[in-house]
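# Notes for the structure review
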Amino acid sequence: MKAVVDADTRRVEVRQVPDAQIEDPGDVVIRVTSSAICGTDLHLDDGRAGAERGLVLGHEPLGTIEEVGPAVTLLKRGERVAVPTHLFCGLCCNCIRGYTAACLRVRPGSFGAAYGYAGMGPYRGAQAQLLRVPYADANCVSVPGEPGDQLEDDLVLLADAFVTGWHATELAEVTRPAAWRSSAPGLLAADSVTPPGCGTWWWPAAPDPAASSPTMAAWRTRPACTSASTAAPTG
Ligand SMILES: [Zn+2]
Ligand SMILES: [Zn+2]
């Protein structure tokens, strides 16, 4: 399969690497149809994270299930799924309490794991044609539609960016958003707490690079609510 690998400091390459495959009975292999690039990937690109050269990058995939391990019970071949960044077992005491990012089983001797990241376990990344997903019943989120449809660019954000933005607003108990020179997760955080039909306080009014994505373009076409919005662009 082809994959994006960390070739050197500030250099990534598309290389041919061994196909992802089923390694444990609870695995699936997904064919990746979209894979987002994260700000976190920049730590690897800058050489600050201590990644081994050749690491397959990426942790924000959307795809369809290509192969199903014999212990998987909730998923079937061809199903469309988003896969969260932090993989987890769903069964240990931390997972059961909801602290899945601190799963005790996915990285023996430590806790928590992620795809395609230095120091987060042996899991190859998702900027690849195929991805092995361990503990697949816990880690695959079934989503509607077909690959390449009008939901493709939105659903891929469920793997990390949108839920990260939403989670930040939950932790901070945000009720009224404002965005200053925000990154995509910041815009999505604002969107998470903006009631339908209402806008957000924005600065600056000029479009930023994140606005070029279809999702951000859609955000900006939402109808504005005058009581919540004074600055363009909100609708
Ligand atoms: Zn990410
Ligand atoms: Zn666990």
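Residues numbered from 1 in each chain as written. Chains lettered and ligands numbered in written order. Predicted model: local features only at pLDDT ≥ 70, side-chain atom pairs only at ≥ 80, totals over all residues.

## A closer look at the overall build of the protein chain
Along its length, the protein chain carries 7 helices and 11 strands. Across the 235 residues that make up the protein chain, the buried fraction comes to 37%. Once local pairs closer than 6 in sequence are excluded, the contacts in the protein chain between residues at least 24 apart make up 67%. (Helix = DSSP H or I, 4+ residues; strand = E, 2+ residues; numbered from the N terminus. Buried ≥ 20, exposed ≤ 12 C-beta atoms within 10 Å, placed from the backbone. Contact = placed C-beta atoms within 7 Å.)

## Brief notes about the nonpolar core
Val28, Ile30, Leu87, Ala128 and Leu131 are the most contacted members of the largest nonpolar core, which totals 53 residues. Per element, the largest residue contribution to this core is 5 residues, and it comes from helix α6 (residues 184-192). Look past the residues within four positions of isoleucine 30 in its chain and what remains in contact with it is Pro61, Gly63, Thr64, Ile65, Glu66, Val81, Val83, Leu131 and Val133. (Core = buried A, V, L, I, M, F, W, Y, C linked by C-beta atoms within 7 Å.)

## Some details on helix α5 (residues 161-172)
Taking 1.5 Å as the rise per residue, α5 with 12 residues should run 16 Å; its terminal C-alpha atoms sit 17 Å apart, in good agreement. Listing the buried residues of α5 in full gives Ala161, Phe162, Thr164 and Gly165. Looking at the buried residues of α5, the elements they touch are α6. Looking one or two residues beyond α5, the residue adopting positive phi is glutamate 173, at roughly 55 degrees. (Expected span 1.5 Å × (residues − 1).)

## A look at the pairing of strand β4 (residues 61-68)
Judged from the 7 bridges that link them, strand β3 (residues 28-35) and β4 form a sheet pairing that is antiparallel. The residue bridging valine 32 from the neighbouring strand is glycine 63, located in β4. In the sheet, β4 pairs with strand β5 (residues 80-82) via 3 bridges, with the strands oriented antiparallel. Within β5, the residue paired with leucine 62 across the bridge is alanine 82. (Pairing = 2+ DSSP bridges.)

## Digging into unusual backbone geometry
Within the chain, tyrosine 135 stands out as a residue other than glycine whose phi angle is a positive 45 degrees. Inspection of the secondary structure puts tyrosine 135 in the loop between β8 (130-133) and α3 (136-139). Of note in the backbone geometry, glutamate 173 takes a positive phi value of approximately 55 degrees without being a glycine. Structurally, the position occupied by glutamate 173 is in the loop between α5 and β10 (178-180). The exposure class assigned to glutamate 173 is exposed, which follows from the 7 C-beta atoms found within 10 Å.

## A word on the pairing of strand β2 (residues 11-16)
Here β2 lies mainly on the outside; 0 of its 6 residues are buried. Relative to β2, strand β1 (residues 2-8) runs antiparallel, the two sharing 6 bridges. Residue pairing across strands places valine 5 opposite glutamate 13, the latter belonging to β2. Taken together, β1 and the strand that follows it, β2, pair antiparallel across an intervening segment of 2 residues, in which arginine 10 is found at a positive phi of about 60 degrees.

## Observations regarding α6
Of all 9 residues making up α6, 7 are buried, and the element is well covered by its neighbours. Listing the buried residues of α6 in full gives Ala184, Pro185, Leu187, Leu188, Ala189, Ala190 and Asp191.

## Focus on the sheet that holds β4
Taken together, the 5 strands give an open sheet; going across it, the order is β8-β3-β4-β5-β9, and neighbouring strands pair in antiparallel fashion. Taken across any chain shown, the strands that pair with only one partner, and hence form the sheet edges, are β8 and β9 (141-142).

## What about the confidence of the model for the protein chain?
Summarising the model, the protein chain shows a mean pLDDT of 85, and 82% of its residues fall at 70 or more. Confidence over residues 212-235 falls short of pLDDT 50; this stretch has 44 contacts with residues more than four positions distant or in other chains. (pLDDT = per-residue confidence, 0-100.)

## As for the packing of α5 against α6
It is at 7 Å that the axes of α5 and α6 come closest, and there the two elements cross at 55 degrees. Classified by the angle their axes make, α5 and α6 are oblique. Judged by the twist between their axes, the crossing of α5 over α6 is right-handed. Contacts from Ala161, Phe162, Thr164, Gly165, Trp166, Ala168 and Thr169 of α5 reach α6 at Ala184, Pro185, Gly186, Leu188, Ala189 and Ser192. Classifying every residue of the contact of α5 with α6 gives 8 nonpolar, 5 polar and no charged. (Axes fitted to C-alpha atoms, helices over the stretch in contact; angles between N-to-C directions. Parallel < 35°, antiparallel > 145°, perpendicular 65-115°, else oblique. Left-handed = near helix turned anticlockwise from the far one by under 90°. Nonpolar A, V, L, I, M, F, W, Y, C, P; charged D, E, K, R; others polar.)

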